[in-house]
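Okay, here's what each chain looks like letter by letter:
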Amino acid sequence: METYILSLDQGTTSSRAIIFNKKGEIVHTAQKEFKQYFPHSGWVEHNANEIWGSVLAVIATALSESNIRAEQIEGIGITNQRETTVVWDKETGAPVYHAIVWQSRQTSGICEELKQGGYEQTIRKKTGLLIDPYFSGTKVKWILDNVEGARSKAEEGKLLFGTIDTWLIWKLSGGTAHVTDFSNASRTLMFNIHELKWDEELLEILNVPSSMLPEVRSSSEIYAHTVGYHFFGEEIPIAGAAGDQQAAMFGQACFEKGMGKSTYGTGCFMLMNTGEKAVESEHGLLTTIAWGINGKVEYALEGSIFIAGAAIQWLKDGMRMLNSASDSEKYARRVDSTDGVYVVPAFVGLGTPYWNSEVRGSVFGLTRGTSKEHFVRATIESLAYQTKDVLSVMEVDSGIELKTLRVDGGVVKNNFLLEFQSDLLNVLVERPVINETTALGAAYLAGLAVGYWDSQKEIESQWAVDQQFEPSMAQEKRDELYDGWKKAVQAAMVF
Ligand code: ADP
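Residues numbered from 1 in each chain as written. Predicted model: local features only at pLDDT ≥ 70, side-chain atom pairs only at ≥ 80, totals over all residues. Heavy atoms only, no water.

By the naming in an unreviewed UniProt entry, the protein chain goes by Glycerol kinase and is assigned to Metabacillus halosaccharovorans. Quoted verbatim from the Sequence similarities (unreviewed entry) field of the UniProt record, the comment on the protein chain reads "Belongs to the FGGY kinase family." Word for word, the UniProt comment on the protein chain under Catalytic activity (unreviewed entry) is "glycerol + ATP = sn-glycerol 3-phosphate + ADP + H(+)". (UniProt positions renumbered as here; feature names shortened; annotations may be inferred.)

Peer 1: Please explain empty space enclosed by the protein as it appears in this structure.
Peer 2: Empty space among the atoms can be located by rolling a probe the size of a water molecule over them. If you walk through the whole model with that rule in mind, you get 1 cavity of 30 Å³ or more. Estimates place the volume of the largest cavity at around 70 Å³. Along its surface, the largest cavity is lined by Ser304, Ile305, Phe306, Ile307, Pro345, Gly349, Leu350, Gly351, Thr352, Tyr354, Gln386 and Asp389. Taken together, the elements giving at least two residues each to the lining of the largest cavity come down to β18 (296-305) and α12 (372-398). Across the lining of the largest cavity, the residue classes break down as 6 nonpolar, 5 polar and 1 charged. (1 Å grid on protein atoms, 1.4 Å probe; cavity = no way out; pocket = protein on both sides within 12 Å on 5 of 7 lines; lining within 4 Å. Points joined across faces, edges and corners; volume = space filled by probe spheres on them. Helix = DSSP H or I, 4+ residues; strand = E, 2+ residues; numbered from the N terminus. Nonpolar A, V, L, I, M, F, W, Y, C, P; charged D, E, K, R; others polar.)

Peer 1: It is not clear to me how the sheet that holds strand β1 (residues 4-10) should be interpreted in this structure. Could you clarify?
Peer 2: The strands making up a sheet associate through hydrogen bonds between their backbones, and the pairing can be parallel or antiparallel. Taken together, 6 strands build an open sheet; the order of strands is β3-β2-β1-β5-β14-β13 and the sheet is mixed. Bordering the open sheet on either side are β3 (26-33) and β13 (220-225), each of which pairs with just one other strand. When the angles between neighbouring strand axes are averaged without regard to direction, this sheet yields 25°. In the sheet, β1 pairs with strand β5 (residues 73-80) via 7 bridges, with the strands oriented parallel. Bridging from a neighbouring strand, leucine 6 pairs with isoleucine 76 of β5. This element, helix α6 (residues 164-172), spans β1, β5, β13 and β14 (237-243) of the sheet and lies at about 145° to β5. Helix-sheet contacts for helix α9 (residues 244-251) involve β5 and β14, and the interaxial angle to β14 is about 105°. (Pairing = 2+ DSSP bridges. Axes fitted to C-alpha atoms, helices over the stretch in contact; angles between N-to-C directions. Contact = heavy atoms within 4.5 Å.)

Peer 1: What is the right way to look at the environment of lysine 22 in this model?
Peer 2: Residue position: lysine 22 is located in the loop between β2 (14-20) and β3. Once the C-alpha coordinates of lysine 22 and leucine 424 are considered, the two residues, 402 residues apart in sequence, prove to be 37 Å apart. Residues in contact with lysine 22, not counting those within four places in the same chain, are Tyr452, Trp453 and Gln462.

Peer 1: Quick question: what am I supposed to make of the sheet that holds β18 here?
Peer 2: Pairing within the open sheet is mixed, and its 7 strands lie in the order β17-β18-β16-β15-β21-β22-β23. Unpaired on one side and paired on the other, β17 (286-293) and β23 (465-469) mark the two borders of the sheet. Put simply, the sheet's adjacent strands are angled 30° from each other on average, direction ignored. One ladder, built from 3 bridges, connects strand β15 (residues 260-264) with strand β21 (residues 404-408); its direction is parallel. When the sheet's bridge partners are listed, lysine 261 is paired in β21 with arginine 406.

Peer 1: Honestly, helix α3 (residues 120-127) in this entry has me stumped. Any pointers?
Peer 2: Side chains three or four residues apart in an α-helix point the same way, a direct result of the helix having 3.6 residues per turn. Among all positions of α3, only Ile123, Arg124, Lys126 and Thr127 are buried. Close packing links the buried residues of α3 with β10 (191-192), α8 (200-206) and β17. With its phi angle positive at about 75°, glycine 128 sits one or two positions after the end of α3. (Buried < 20%, exposed > 50% of the residue type's maximum accessible area, 1.4 Å probe, protein only.)

Peer 1: Got a minute to help me understand the UniProt feature "binding site: ADP" (unreviewed entry) in the protein chain in this structure?
Peer 2: UniProt's feature table lists "binding site: ADP" (unreviewed entry) at Thr12, Arg16, Thr266, Gly309, Gly410 and Asn414, given in the numbering used throughout. Of the annotated residues named above, the ones that line the largest pocket are Thr12, Arg16, Thr266, Gly309, Gly410 and Asn414. Examined against the element boundaries, glycine 309 turns out to sit in helix α10 (residues 309-318). Examined against the element boundaries, asparagine 414 turns out to sit in the loop between β21 and α13 (415-425). On the basis of relative accessible area, asparagine 414 is assigned to the buried category, the value being 8%. For asparagine 414, the contacting residues outside a window of four places in its chain are Ser328, Glu329 and Ile380.

Peer 1: Help me understand the nonpolar core, please; the structure alone is not making it clear to me.
Peer 2: One recurring pattern in soluble globular proteins is that nonpolar side chains are buried together. Core analysis: the largest hydrophobic core is formed by 132 residues, its most contacted members being Met190, Met212 and Phe250. With 11 residues, the single largest contributor to this core is α12. Aside from chain neighbours lying at most four places away, what touches phenylalanine 250 is Phe255, Trp291, Ile293, Gly441, Tyr444, Leu445, Leu448, Gln456 and Ile459. The next biggest cluster of nonpolar side chains, apart from the first, holds 38 residues, and it includes Tyr4, Val55, Val179 and Ala224. (Core = buried A, V, L, I, M, F, W, Y, C linked by side-chain atoms within 4.5 Å.)

Peer 1: Even after reading the chapter, I still don't get the site of the ligand, so can you show me in this structure?
Peer 2: The environment of the ligand is formed by 17 residues, the closest being Thr13, Thr266, Gly309, Gly410 and Asn414. Interatomic distance of 2.9 Å between a side-chain N/O atom of threonine 13 and an oxygen atom of the ligand. At 2.7 Å from an oxygen atom of the ligand is found a side-chain nitrogen or oxygen belonging to threonine 266. Here the ligand, which alone exposes 580 Å², has 85% of that area covered by the protein. Judged by the fraction of its atoms near the pocket grid, the ligand is located in the largest pocket. (Near = heavy atom within 4 Å. Polar contact = N/O pair within 3.5 Å; in protein donor to acceptor, adjacent residues only side chain to side chain. Areas by Shrake-Rupley, 256 points an atom, 1.4 Å probe, with all protein chains shown as cover. Sits in = over half its atoms within 2 Å of the grid points.)

Peer 1: I'm lost on the UniProt feature "binding site: ATP" (unreviewed entry) in the protein chain in this one. Help?
Peer 2: The UniProt entry lists Thr12, Thr13, Ser14, Thr266, Gly309, Gln313 and Gly410 under the feature "binding site: ATP" (unreviewed entry), expressed in the numbering used here. For the annotated residues, spread through 399 residues, the largest C-alpha to C-alpha distance comes to 13.3 Å, consistent with a single compact locus. Of the residues annotated just before, the largest pocket has Thr12, Thr13, Ser14, Thr266, Gly309, Gln313 and Gly410 among its lining. Looking at the element boundaries, glutamine 313 is found in helix α10. Apart from the residues within four sequence positions on either side, glutamine 313 is in contact with Thr13 and Gly318. Within the fold, glycine 410 resides in the loop between β21 and α13.

In structure tokens:
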């Protein structure tokens, strides 16, 4: 009987179930989008039960369409949109509020208070993060402060907190396992990444009761088994979990210190492996846990860009300039340049290296000659510029000059972007055959735990390149274009 690993990739806009075989190839994929809620300007929320429903739906679809029986699944790996925060009732399982999404800015007031309280250094030292609405800690506080009755229930030990990995493992295990992995814990603003435990001082600062917190486990081990009724009677080990960006780095086999990857999904996240050393950044990069595996925790430096593919989605759904995301490439190629137009897609502020949650999107350099083609091209190019902003500081902080950038995510189907990215960075850009590296990484983590794969060496040997993009732009041109971008960002921040 041939066996497989099932990976659940719970993303910001959709949930996917992907079945992988022993060669690390995709056997079947099922995907389902779910609803986004925007209750106020800059707020983004999900319904955690709708997320769970979408996950159950894609599991059922993937198994039935592929004719693979649940008993052929040796293990389940979970990867998730990180930081997104769910608080639910331990008894009933009902969320007390919508899941507050990582992009959401509703805790900027709390963040301002924390900054004024002088906590920046403490938080930075202990968590490797900055004070920004992005991370879970202030979202939990917001829910406890704003949902009627939530704080008293939390204090009585009746509420649980989890990021989406935790929520899904809890649901899949029938409410028996309340756990997370090191990579997800490291994004909560409450976890000490050096001592590897929830930090009492931070919990006090944020006023979050420790009884709400999940147990933190390695990224590759059996946490629990599925309850039979979700899996056609089968109790399958849930054996791996990692936040989406860390899972992608694992799926890209960036196992050596100095290797890096960039994932262009809704947002764009560049991570560089720094091995067993947590490198502190001077320039707004985050220090984060890459994964914990075989008793060893490894770290990464991360640059976070909030809006990448979301800008393409905006061109399609908001501006109605595109029928599909893939049309963006066609329009971008119809012109040879943006004719001086820059789009700064700071819809929810800017992340690395600016960390400005007040700035909003702007467009510069419009003329009577500006066309939709220029506008679309400038929007795609903005992804590459933001990536250059990140790479520039990453090279300084890590002391490592990146020679090759491994890329993945929904947006990298766009060859125009990758050509421009390579030109702008002056590095070789490599797209792997398996672009679903996030799901693959979670599958690998689960597969290692149940002995489906033997070692990271075996995984490394499965990585294969689909297409390489080599730089060909003159340095002068590169500098000129990038100078324009920097001016545009500065102007956007002044507005
Ligand atoms: P996430 O996991 O964050 O939900 P994905 O990795 O699935 O995101 O990527 C989805 C994003 O990719 C969407 O924002 C979509 O606009 C963008 N996208 C998909 N195809 C293309 C394309 N050909 N060119 C540019 N963007 C694309």
